[in-house]
Amino acid sequence: MSKSKALLVTGGAGFIGSNYVTSFLKKYPDRELVNLDKLTYAGNVDNLSAVNESDRYHFVQGDVADEAVVSKLFRDFDIEGIIHFAAESHVDKSILNSNPFILTNVLGTGVLLEAARKDWGAKEVLKERRFHHISTDEVYGSLEAEGKFTEQTPYNPRNPYSATKAAANMLVKSYYTTYGMNVVLSSSSNNYGPRQHDEKLIPTIIRKALALEPIPIYGDGMNIRDWLYVGDHCQAIDHIFHHGEAGESYNVGGGNERTNLELTHYICDQLDRVKPHLLTEKTLRSFRELITFVEDRPGHDKRYAVDDTKIRRQLGWSPQVSYIDGLKNTVEWYVTKWEEVLQ
Ligand SMILES: Cc1cn([C@H]2C[C@H](O)[C@@H](COP(=O)(O)OP(=O)(O)O[C@H]3O[C@H](CO)[C@@H](O)[C@H](O)[C@H]3O)O2)c(=O)[nH]c1=O
């Protein structure tokens, strides 16, 4: 029996991965997808409820750094391309222990590249089949008030997480220069939207506010992030995977730079409108009163901002979801999730 041709997605049970898997299977009704995910604390098969039953979707639980698991995948499927999302992604966790980050983000990327090189090399399709590495704007380091990172900005990662992502990027690029593998890389700014893990800033704000607990803001809250709606990021990935130039990197930004405090105020104000009766329980006038400044993250990057002219000009992508609509959807999604938990 001939093997199914399938796109391999790693880390497809995570936040960005699950949003991509769902959109891919909807957009391409004739294509199959295999999702390799270890199901760490950050992955959840419920994130894939829209596709779990599809016969074009194949789930494999396993570690991207496990050579046996990865080479079996190449034996079981005819892998037509790879989008590599799987990563340990939380900066605070990497500061406490970098080992899982080195294993998954660096070794895992290396294992995947090697397996693809061998399989695609033997089939003489190394220059045709695509390897897309999903990376982050954090590889470029930290900005002060002015300027933006371009694709030419030298890497200057400043925490263990971003150091492992920069290392993985270099490894991916080396497979292009050494073997001519058809790689592309993308570096996006901070994502937000449904299904993000609770550990990240926006889910933390909403979860803490709804529980009427202190909302922890690191340092003075003046660090700046650029917020990109996850659905827009998935569309960018689809453009880059299918139409990006081999060996190239693409920055993907949201064009929504906010200080952490501005963002927190905005979400609190939305919750004031959506959940006013909760405030009376603690005789609060606004969820803003729960904001609590806590000890800063060590080496906290001040500001990230990417210049994404290249993807806009070359591939015609631009974000479609406004900050207002994106945050409205996101707040509604978390409020519904919270209400289900309480039931
Ligand atoms: C969890 C948490 C975070 N923060 C601050 C730290 C940051 O300045 C900002 C956002 O924090 P996080 O949600 O952890 O995200 P950040 O460190 O920017 O990194 C995210 O964005 C990156 C892309 O820029 C991704 O590569 C990372 O995987 C992703 O985690 O909020 C707080 O003030 N309080 C909190 O409780």
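Predicted, not measured: the structure shown is a model, and the values here were computed from it. (Residues numbered from 1 in each chain as written. Predicted model: local features only at pLDDT ≥ 70, side-chain atom pairs only at ≥ 80, totals over all residues. Heavy atoms only, no water.)

Participant: Sorry, what's going on with the packing of helix α6 (residues 201–210) against helix α8 (residues 260–274) here?
Facilitator: Each packed pair of helices is defined by two parameters, the angle between the axes and the distance between the axes. Running from amino to carboxyl end, α6 crosses α8 at an angle of 40 degrees, the nearest separation of the two axes being 10 Å. By the angle between their axes, α6 is oblique relative to α8. In the packing of α6 onto α8, the handedness of the crossing is right-handed. Judged by residue contacts, Leu201, Ile202, Ile205, Ile206, Ala209 and Leu210 of α6 engage Asn260, Leu263, Thr264, Ile267 and Leu271 from α8. For the contact of α6 with α8, the class distribution of residues is nine nonpolar, two polar and no charged. (Axes fitted to C-alpha atoms, helices over the stretch in contact; angles between N-to-C directions. Helix = DSSP H or I, 4+ residues; strand = E, 2+ residues; numbered from the N terminus. Parallel < 35°, antiparallel > 145°, perpendicular 65-115°, else oblique. Left-handed = near helix turned anticlockwise from the far one by under 90°. Contact = heavy atoms within 4.5 Å. Nonpolar A, V, L, I, M, F, W, Y, C, P; charged D, E, K, R; others polar.)

Participant: Please clarify how helix α4 (residues 99–122) should be interpreted in this entry.
Facilitator: Side chains that are three or four residues apart share a direction in an α-helix, a result of its 3.6 residues per turn. The first and last C-alpha atoms of α4 sit 33 Å apart over 24 residues, in line with the 34 Å expected at 1.5 Å per residue. Of all the bends in α4, the greatest, near 30 degrees, is centred on Leu107. Immediately beyond the C-terminal end of α4, within one or two residues, lies Glu124, with a positive phi of roughly 60 degrees. (Expected span 1.5 Å × (residues − 1). Bend = angle between axes of the 7 residues up to and from the residue.)

Participant: What should I look at first to understand the site of the ligand in this one?
Facilitator: Around the ligand, the structure places 23 residues, and the nearest of them are Thr136, Asp137, Tyr161, Arg297 and His300. Between the ligand and the protein, one listed contact pairs an oxygen atom with a backbone N or O atom of Leu201 at 2.8 Å. Take His300: an N or O atom from its side chain is 2.6 Å from an oxygen atom of the ligand. Here the ligand has 690 Å² of accessible area as a free molecule, and 94% of this is covered by the chains. Among the secondary structure elements, those contributing two or more residues to the shell around the ligand are α6 and β8 (215–218). Among the residues forming the shell around the ligand, the class breakdown is seven nonpolar, 10 polar and six charged. (Near = heavy atom within 4 Å. Polar contact = N/O pair within 3.5 Å; in protein donor to acceptor, adjacent residues only side chain to side chain. Areas by Shrake-Rupley, 256 points an atom, 1.4 Å probe, with all protein chains shown as cover.)

Participant: What's the story with the UniProt feature "domain: NAD(P)-binding" (unreviewed entry) in the protein in this structure? I'm lost.
Facilitator: Listed under "domain: NAD(P)-binding" (unreviewed entry) in the UniProt record, and renumbered for this structure, are residues 8–329. Across residues 8–329, helical content stands at 41% and strand content at 18%; the span's end C-alpha atoms are separated by 29 Å. (UniProt positions renumbered as here; feature names shortened; annotations may be inferred.)

Participant: Just to check I follow, could you spell out the pattern of salt bridges for this structure?
Facilitator: Two side chains with opposite charge may pair up if their charged atoms get near one another. Summed over the entire model, instances satisfying the criterion amount to 22 salt bridges. Across the pair Glu213 and Lys208 runs a salt bridge whose closest N-O atoms are separated by 3.3 Å. Judged by relative accessible area, Glu213 falls into the partly exposed class, the value being 35%. A relative accessible area of 22% places Lys208 in the partly exposed class. Taken together, the shared-partner salt bridges connect Asp78, Asp119, Lys123 and Arg129 into one network. (Salt bridge = Lys/Arg side-chain N within 4 Å of Asp/Glu carboxyl O. Buried < 20%, exposed > 50% of the residue type's maximum accessible area, 1.4 Å probe, protein only.)

Participant: Is there a simple way to think about the nonpolar core in this case?
Facilitator: Counting 28 residues, the largest nonpolar core has Ile202, Ile215, Leu263, Ile267, Leu271 and Phe287 as its most contacted members. Of all the elements in the fold, those that place two or more residues in this core are α6, β8, β9 (224–229), α8, α9 (276–281) and α11 (323–342). With six residues, α11 is the single largest residue contributor to this core. The residues contacting Ile267, other than those within four sequence positions of it, are Ile202, Ile205, Ile206, Leu327 and Val331. Grouped together as the second largest cluster of nonpolar side chains are 26 residues, Leu36, Val70, Phe74 and Phe131 included. (Core = buried A, V, L, I, M, F, W, Y, C linked by side-chain atoms within 4.5 Å.)

Participant: Which parts of the structure should I look at to understand the pairing of β9?
Facilitator: Look at any regular strand and the pattern is simple: side chains alternate between the two faces of the sheet. In terms of residue burial, β9 counts as a mostly covered element, since five of its six residues are buried. Pairing geometry for strand β7 (residues 190–192) and β9, over three bridges, is parallel. From the neighbouring strand, Asn191 faces β9, where its bridge partner is Leu228. As defined by bridge partners, β9 adjoins strand β11 (residues 257–259) across three bridges and the pair is classed as antiparallel. What sits directly across from Ile224, in β11, is Thr259. (Pairing = 2+ DSSP bridges.)

Participant: What is the right way to look at the sheet that holds β11 in this model?
Facilitator: One key point about sheets: their strands pair by backbone hydrogen bonds, in either a parallel or an antiparallel sense. Pairing within the open sheet is mixed, and its three strands lie in the order β7-β9-β11. The open sheet terminates on both sides in strands that have one partner only, identified here as β7 and β11. For this sheet, the mean inter-axis angle between neighbouring strands, taken without regard to orientation, is 50 degrees.

Participant: What's the story with the layout of surface pockets in this structure? I'm lost.
Facilitator: Any space left empty among the atoms is revealed by the rolling of a water-sized probe across them. In this structure, the second largest pocket spans a volume of roughly 310 Å³. If you go around the second largest pocket, you meet 16 residues; those closest to its centre are Asn19, Ser23, Gly231, Cys234 and Gln235. Looking at the lining of the second largest pocket, the elements that each hand over two or more residues are α1 (15–27) and α7 (230–243). Per-element accounting of the lining of the second largest pocket gives the leading share, seven residues, to α1. Tallied by class, the residues present in the lining of the second largest pocket amount to seven nonpolar, six polar and three charged. (1 Å grid on protein atoms, 1.4 Å probe; cavity = no way out; pocket = protein on both sides within 12 Å on 5 of 7 lines; lining within 4 Å. Points joined across faces, edges and corners; volume = space filled by probe spheres on them.)

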